[in-house]
Structures are given as structure tokens and as C-alpha cells.
Amino acid sequence: MSTSPDPGGPHGRESQPAPDSAPASASAASAPAPDSAPAPAPASRGFSRRRVVGLLGGAAVVSAGVGAGGTAAAFAVSTTDDGSPESGQTVPFFGANQAGIVTPVQDRLHFAAFDLGATATREDLIALLTAWTNAATHLTVGTDVGTGAVTGEPGAPPDDTGEALGLSAARLTLTFGFGTSLFTDATGKDRFGLAASRPPQLADLPAFPGDALNPALCGGDLCVQACADDPQVAVHAIRNLARLARGTASVRYSQLGFGRTSSTSNAQVTPRNMMGFKDGTANIRAEDTAIMNAQVWVQPGDGPAWMTGGSYLVSRRIRMLIEPWDSTPLTEQERVIGRAKGSGAPPGKSDEFDPLDFGAKGADGEPLIDPNAHVRLAHSSHNNGAVILRRGYSFTNGTDDLGRLDAGLFFIAYQRDPRTQFVTIQKSLAGKANDALNEYIQHVGSGLFACPPGVQPGEYLGQKLFE
Amino acid sequence: MAVKAGDKNCEVASVELAAGRHTFAVTNTASQVTEVYVYAAGDRIMGEVENVGPSTKRNLIVDLPAGEYQVACKPGMVGDGIRTALKVTGKAAPPQTLDQNLQTAVTSYQTYVESETQALVDTTATFVAAISSGDLAKAKEAYPAVRLHYERIEPIAESFGDLDPLIDMRIDDATPETPFVGFHAIEQKLFEQKTLDATQPLATALSTNVGKLNELVKTVELTPLVMANGAKSLLDEVAASKVTGEEERYSRIDLVDFAGNVDGAKYVYSALRPALQEKDPELVSTLDKRFPALVGLLDTHLAKPGDNGYIPGSPYVSYDTLTPEQVKALAVEVDAISEPIGQIAGVVTSK
């Protein structure tokens, strides 16, 4: 394998999958795996689009067959600071667990839920997962899918949509999940022969008091969470995955998010949500391996073996009633949340990370943290110790028909068992008599997905489910 | 002094009075239930009688110091009403300190809450009686008036967390442990399923719970801050569930609830107005403009029998007949008043 300028080649390619990985094209989607499963595409082998553009600037076009050897040559052309590819810009796709869960939260989100078509078969589903796996190996290292955006057959539509040309991988992670309806649809039908493999943890979420769910924003047979530090990279990923799915699956709904609303790492400062409050102060942290194993990662014996090393994703599209909130006095906002808006500190404390003292009383004998404050009812001490790994994003979809900001939180949480984690917490929060925040929010969308363990080289996503 | 409260007139026997205590003998000559108010500047309520049935008489006793007042008759119990000016001469009210003004506001609001809750009990009784008599049309017609009184005091009712869902929950709030009951469960039967079947147990329970509410509101400790937050909460309710047509999804009388919330907020404002006038005249000037603008806009959706979108018993058109532009105009006006309303709490609590 080598990198050799090939300016005269009829099908000059700008970036190219490794030769031992099948092209992530529509034709691959119809070819059953596993023999067409992708090969390893570790970060160190990926081209960044930025670098490729650098090459193009030098009038060089990289031929087919870029491999490990070629990478070094490429580096020689576009030097990176430490010799590693796009230092800090790629997150490995392969691994024991899927990326995008404990990965330090990126700045942007594009989340999409997919419905499989009425005629889709188990084989179609496997082919789709294979094609997605293949595409993911390229997208997450910043290379184009298929034969690229401008390097394929000129008479054919380009395999890659092209808007990420020149952009780095921007720490793109793609996290895939299987919805409850993939196992048993709304009519109780087992469309793909998977009902017997449905984990007990993947029990349909109950209806919570006050839910204002729009069915079009709920559920989905499959989901893809694309997170990146560049919105165009995240959108490009979902766009291309959706394109690969055509004929097999279609987007049911998708959501763009910005401004991560939680930290999953001690290295990240606590961001603010659309209500102006720091959000995720008490989130559990990826650095705490013991808590990740206890609360996030499915352990051997929890349920069907195919999910071991996976995690359950709960998504909730939470609309914030922005205008009423904005005209609410600061003291009331702080009472509702249970923290100071400026510092994020608990009432009577000065530091964000000072412990929440739910028994503390003020001079007037009243609890310092309101009995209905969000932090009280959401806290593990109020929920039999239940915690979740939050990984949500703020969103705004412009304004609604009434001229109001259509904004809020696209809540995403990962956990080992939603029945005892998200559901327990949400039961404490939901309803007019509970979380004071309910006056200012509405849950309008909901999803529950089983995210299988990470993909190993040579495998396709969730392969163990189908074996 | 006689007051004839008609459909299109509000006749007061004498419009120039001496300062002191006056008894207005109100006769409802209108074709529908009416209310009569005596307002001071800024629609501060000096006295009121509510829920006066057609052809019935009620007395309104009120102490009036020297000043300019208005008598307002409100056939259908909504809107700005038909106004007649009153001039009272003689002894002026002694100047009040800020604390006295606030105390007067609290006392006045306490009276309002209690009288609205009593009106809720009375109108609920009429509603339940119609259900018990097996008269579907009459029950539907009685429904809007009950809702109006509930919506006027909604934040106070909501402060009783256990009771409020039993009275006002939506179907989305129901769970296997807490089945769908209360106003909206009955509303669904009457307006969507068009039946009285299985409504009697719901009506009986509603009656009991409204009775409990009537006892509990007498124990509420009101403060200027509770009032201010309550007014804000009423506008938030309008924004979240009335202007969107969420609340009265079967009967489509959302504008009645809308009016009830606005009335409740306006009462709080009017009661606090003398105190606010002293501390933040600019806020008073803003709200003196915003309330009439909102109420005026709402009044453009009044409906009479025979009008398109008329719902028997409701003074307003069905939510379904509003155009998207009309809904947006209402939302814009609600947001416009929510901002200054949100400032009241800060003004009444600031030193």
C-alpha cells in the first residue's frame, strides 16, 4: 500500500477507505455481513479532511489504497505538532464500549431516530448496521464515506455529501442504539426475530404525569447520537448515515443541539442551560470507573449477553417555557432550581461544589432548599440512590407559531437499568405537585434505546444481537 | 340605591354621592348571570357582587371615601363590563402608609379569594345538579361559569398540592395510581363523548373537593409576595395552557379560563396598586395600559347565541374558531404583560 500521486487516474480519490474495508455504499447496505465487515480503522490511520485539502493545495491527489504506510507519507506533507493524526481531534470508534457515552462531552449534537421501512427484513437491518459501521469508521476519523465527495465516478452522485471537506473530525463520536420497537413493535409484532433477545431493562417507559408527548417526537427503531465540536461535522455524519439508510430506514425525527448541558469529566467546567443555570454540577464522572461500572455499563449477568458492555439511553425533548421563565423573579428561579443562579452554589453556600444540605433550615425555620426544588427531587438521596450519566444539549428550533422561542433541553442520559434509574428519578420529578420546574417545562419527546457494546475490528454494530 | 344591571346598560340611581357607606341594590335585568363592581382608579375593587342570576337581586355594601369611581356591570361575568361613573364628595380617605396600603391589599385579596371560592362552590352546585338531573345540555351550559371562578384563584388552589389534581388534572396527569378525575374528566364525558354516563360519581367527588378547597382557602396565609407570585403564575398559566388551547381541549372554552386567569391577576394588581404607585409609578403606568389592552383584545372574541363559534354558557367563542393570527396576537399580549407583572414581586418586597 502506498500513497502515490495519481493525477491522471480516471477516478482520482481524495480520501479513501482502507482497502480491506468494504465501501460504505448503498450496495454494501444490501450485502449481508459479516464477511464484508469493516477492518480496523484506528485513528492513527485516518486522513483528516484538513490534511487532504492541504494535499490538494499541493496539486496532489491521493490514490486508492491509503494504508498505514501511506499515512506516514501524508503526515510528511501536512505536519502535525506531535506527529499524531489531528491531535485531539479524533475519538476512537472501536473499543469495548461505544464512544460518545463517557467521552468528554463535545459542543454539538445531532441526534436522529430512525424507523425501519415496512418491507425491511432482518437481513436489510444487518446490512444497514454493517454499512453504518463502515461509514462510522471513516466519519469518526474525518474521512469521507464511500468513494468520497469529489473523487468518485464523475458521472455518478458523490458517495459523500461533501460539506465536511476541509474540516477535521472535531472529536466526532457516533453512538448507536436499538429502540424498543425494534424488538416488539406497537402492535406486538416481532418484525426482525429479536423479541426473545429484548432485555428486561428495555421496558417501555411508563407515562409520567404531565407528559405532553408528541408521538412524532417519540420512539424510533434505531437512534444515532452524533456529537462533535463542530456542528457541520455532526450534521454531515447524520446526513450521510441517513442517506445510506434510504430504502431500509428513514429518519423519524432528529434534533440539533448546542451548548452541552453537562460535564461528564472533571476536566470540564459546568455549562449553563437555556434557563441560565449551571446544569450537571452533580453529574457522575467518567473518571470514576467504579461508578461507571455500577451505574452506566451493563454488566455480565444483567440480561442478555449481547448487551454486556452496552448502556441504555433515555432521551427526552424538554421544551422550556422561555417567556414565562424570563419574566420570573430571580429569587423564584433560584427557589425552583435550588441553587444560586450566579455561582451554582446551594442556598446558603458559596461554592458550586459545596454539598447540598437538604436538612438545612433558614432563620425563618423554613428549609433552605425548597421541598419542591428541582435539585432536591432529582437528587440520588431522594431516589433510592439512583443516578444517571447525563449528556444532554440545549436546543432551539427557532420560534414557534406564537413567536416564542422553541427551545429547551434535549435530555440524554445513559444508565445500566432505566427501570431503577431514569424512571425512578422521573417519577419523583413529574407532576404538578412535585418538581417546581414543571411549571416552566414540558416533556414533548421521549426515546429509550439499548446501545450495544463497542464494536471490535471486523465486527458490525450490535453483531452479537444477531448471532 | 338601585342598580339595574342589564345586557347593554348599567343604570345607577344616583351618580353623585356623599362619602360614606353605601348599599347598592343590584337587580340583574340581563339575560345572563352578571357581576357588579365598584372600581376606584386603576380598577381597584372597592366592592363587588358576583354570580347574580337573571332577574335576581343582591346587595352590594361598600365604603366610599371622596373620589372618582366606576360602577361596572358585567353580563356573562367577563370583560371590562359596562361602566357608569360615580363621583363621591366629602371626606377623603386618610393617607395610608406603605405598610397600611399593603395590609389593605392583602385583606382585600383575602376577601376576593374567599368570595371567588364561594362562587366556585355555588356554580359547582348548579353544574352538579344539572348532571344529577340527567340534563346533558344544561350541564354543558353550566360548565363555563364554574371554570371562570376556579381559574380566577388557580394559584391559590394549586397551593393545595393534594387537592388541586383531584379538581383540575388533565388526562396526561393520570397514572394507574391516580385515575383521571375532576373538571376535565367530566368535560371529556360531556363534550367529547357527549354523555352523562358515569359522570355522577365524578361530579359528587368534585363537589366534595371543591367544598374542601373552600374551607382550606380560609387558612391560606397571604402576603404581598404570595399575591405577586400568584399574579405572575396566573399569566404563566395563560401562556402555557390557555393561549395554546391545551386546557379545555374537549369543550374549547379556553378563552373563559384565559379570562379567569387575567381577572385574577388583575385583581392582585388592582389591590396592590396604591402601594405600587408609591414605590414604582412607572410600573403602574405600564400596567394601567397593558391590562386594558389585554382585556380589550380578549373582548374582541366575545360571542352571543347565534354567532359563529358560540358555545352555550360561554361568553367567548370556541378556541377552534380563532385563527392562528388571532392566537398569536393573544400570546404576544400575554407575554407583554408578563414582564411587568413579574416585576411586582420585587417592588413589594424591596425596602
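Presented here is a report on the structure given in the accompanying data block. The model shown is predicted, which means the values in this text are computed figures rather than measured ones. (Residues numbered from 1 in each chain as written. Chains lettered and ligands numbered in written order. Predicted model: local features only at pLDDT ≥ 70, side-chain atom pairs only at ≥ 80, totals over all residues.)

## Structural notes on the overall build of chain B
Rules: What counts as a helix is a DSSP run of H or I of at least four residues, what counts as a strand is a run of E of at least two, and both are numbered from the N terminus. Atoms considered for the radius of gyration are the C-alpha atoms alone. The globule rule reads 2.2 Å times the number of residues to the power 0.38. We call two residues in contact if the C-beta atoms placed from their backbones are at most 7 Å apart.
Along its length, chain B carries 10 helices and nine strands. A compact globule built from 351 residues would reach a C-alpha radius of gyration of about 20 Å, and chain B, at 20 Å, matches this within 12%. Taken along the three principal axes of its C-alpha coordinates, chain B extends 60 × 45 × 40 Å. Within chain B, residue pairs in contact and separated by at least 24 positions form 69% of the contacts whose partners lie at least 6 positions apart.

## Considerations on helix H9 (residues 281–299) of chain B
All names here are of chain B. Our working definition: By this rule the span expected of a helix is its residue count minus one, scaled by 1.5 Å. Put plainly, a residue is buried at 20 or more neighbouring C-beta atoms within 10 Å of its own, exposed at 12 or fewer, and partly exposed in between, counting only other residues' C-beta atoms, which are placed from the backbone. Regarding the arc, it is the one traced by the directions from the helix axis to the C-beta atoms.
For H9, built from 19 residues, the straight-helix expectation of 27 Å at 1.5 Å per residue is met to within 8% by its first-to-last C-alpha distance of 27 Å. By the burial criterion, the buried members of H9 are Val-284, Leu-287, Arg-290, Phe-291, Leu-294 and Leu-298. The buried side chains of H9 occupy one side of the element, clustering within an arc of 135 degrees when seen end-on. Turned more than 90 degrees off the buried face of H9, the exposed positions are Pro-281, Glu-282, Ser-285, Ala-293 and Gly-296. Buried residues in H9 make contact with helix H8 (254–279) and helix H10 (324–349).

## Some remarks on unusual backbone geometry
Residue and element names in this part refer to chain B. A positive phi is found at Ser-55, a non-glycine position, where the angle reads about 65 degrees. Along the chain, Ser-55 falls in the loop between strand E6 (44–52) and strand E7 (57–64). Residue Ser-55 is classed as exposed on the basis of its 10 C-beta neighbours within 10 Å. Phi is positive for Met-77, which is not a glycine, with a value near 65 degrees.

## Side note on the interface of chain B and chain A
Threshold: Under the grouping applied here, Gly and all other residues not named as nonpolar or charged are polar, the nonpolar ones being Ala, Val, Leu, Ile, Met, Phe, Trp, Tyr, Cys and Pro and the charged ones Asp, Glu, Lys and Arg.
Each partner contributes to the interface: chain B provides 24 residues, whereas chain A provides 20 residues. Elements with a minimum of two residues in the side of chain B that touches chain A: helix H4 (163–168), helix H7 (224–242) and H10 of chain B. Of the residues assigned to the side of chain B that touches chain A, the class counts are nine nonpolar, six polar and nine charged.

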